[in-house]
Amino acid sequence: MQTNNDDLIVSEVANSIALVTLNRAAVRNALNQNVRRLLAEQFEILGRNPSIRCIVLTGGAKVFAAGADLSEISECSPIDMHLRQVHRLWQSIRDCPKPIIAAVNGYALGGGCELAMHADIIVAGRTASFGQPEIKVGIMPGAGGTQRLTRAIGKFQAMKMLLTGQVINGEDAFAMGLASEVVDDEKVQERALELAQEIAAMPPLAATQIKEVLLAGQDASLDAALTLERKAFHLLFASQDQKEGMAAFFEKRKPSFTGR
């Protein structure tokens, strides 16, 4: 599997892992409408591909994504912004059932930070830069920045970042709960791929159910979320992977999961 575009590169690396790479280095991977459209298309395709078990999203070794491409929107009217329907493009990433790992080097600002927060796991370089600086140009986050950031790091830290446009490094992002791991800059993609390989070796039905229940349960009451968890737990006992996993446990061998 290989998809090349001027703005986005998608390839299959190792076993069952897709690598999605933003490719607008000249503008620090600024997110224009074309990039958002390509991301939406590719995450829909990868989400339906049974051979893909985990997705790594990266901007390369220098920068993740420095934010929205302001040259596209600086003169837009409210109606222009409404007609762009950008939220529908983000939704394709949000709804992707496969585990997503963001490998973040350099800038992850504005829309770039929001893109990283659409992932399930974030591996950050020590000198990566996370922030929602939209207030500095007279606007505010519009792709989940106020909501996902608050859920990740809490009201008071989020308010400080959002109201000042403060940028934090990878170490601080990890300490605040915005990153899953922090590693040396040159090891970010390597570590993300290691995690992806570990996840890809797990039963894919269980992985997708864990992701679905965790995300759905975040905004539900505890009782409702526990009901979702219990039903998904019971459902997995209908899978061949459950039989294989438990048989392998008792037989003291490595399981072979097929996603059935």
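What this report covers is the structure whose coordinates are included nearby. It should be emphasised that the depicted structure is a prediction, and the values quoted were computed from it without experimental measurement.

Each value, and the rule that gives it
- Residues numbered from 1 in each chain as written.
- Predicted model: local features only at pLDDT ≥ 70, side-chain atom pairs only at ≥ 80, totals over all residues.
- Heavy atoms only, no water.
- Helix = DSSP H or I, 4+ residues; strand = E, 2+ residues; numbered from the N terminus.
- Rg over C-alpha atoms; globule rule 2.2 N^0.38 Å.
- Buried < 20%, exposed > 50% of the residue type's maximum accessible area, 1.4 Å probe, protein only.
- Areas by Shrake-Rupley, 256 points an atom, 1.4 Å probe, with all protein chains shown as cover.
- Patch = residues over 30% accessible without salt bridge, like charges linked within 9 Å, V, L, I, M, F, W, Y side chains within 5 Å.
- Salt bridge = Lys/Arg side-chain N within 4 Å of Asp/Glu carboxyl O.
- Pairing = 2+ DSSP bridges.
- Axes fitted to C-alpha atoms, helices over the stretch in contact; angles between N-to-C directions.

## A word on the overall build of the protein chain
Argument step 1. Broken down by element type, the protein chain carries 12 helices and 10 strands.
Argument step 2. For 260 residues, the compact-globule formula gives about 18 Å, and the C-alpha radius of gyration of the protein chain, at 19 Å, lands near that figure.
Argument step 3. Its C-alpha atoms put the protein chain at 60 × 45 × 40 Å along the principal axes.
Argument step 4. Looking at the protein chain as a whole, 46% of its 260 residues qualify as buried.
Argument step 5. Of the roughly 13800 Å² that the protein chain leaves accessible, carbon and sulfur atoms contribute 57%.

## Quick look at a nonpolar patch on the surface
Argument step 1. Where nonpolar side chains cluster on the molecular surface, the patch consists of Phe233, Phe237, Met246, Phe249 and Phe250 and spans about 610 Å² of accessible area.
Argument step 2. In terms of residue count, helix 12 (residues 240-251) provides more of the nonpolar patch than any other element does, three residues in total.
Argument step 3. Along the chain, Met246 turns up in helix 12.

## What about the sheet that holds strand 8 (residues 129-131)?
Argument step 1. Across the sheet, three strands lie side by side as 6-8-9; this open sheet has mixed pairing. Looking along the sheet, the strands with just one partner apiece sit at the ends: strand 6 (107-109) and strand 9 (167-169). The mean inter-strand angle of the sheet, taken between neighbouring strand axes irrespective of direction, is 20°.
Argument step 2. Pairing geometry for strand 6 and strand 8, over three bridges, is parallel. Paired with Tyr107 across the strands is Ser129, a residue of strand 8.

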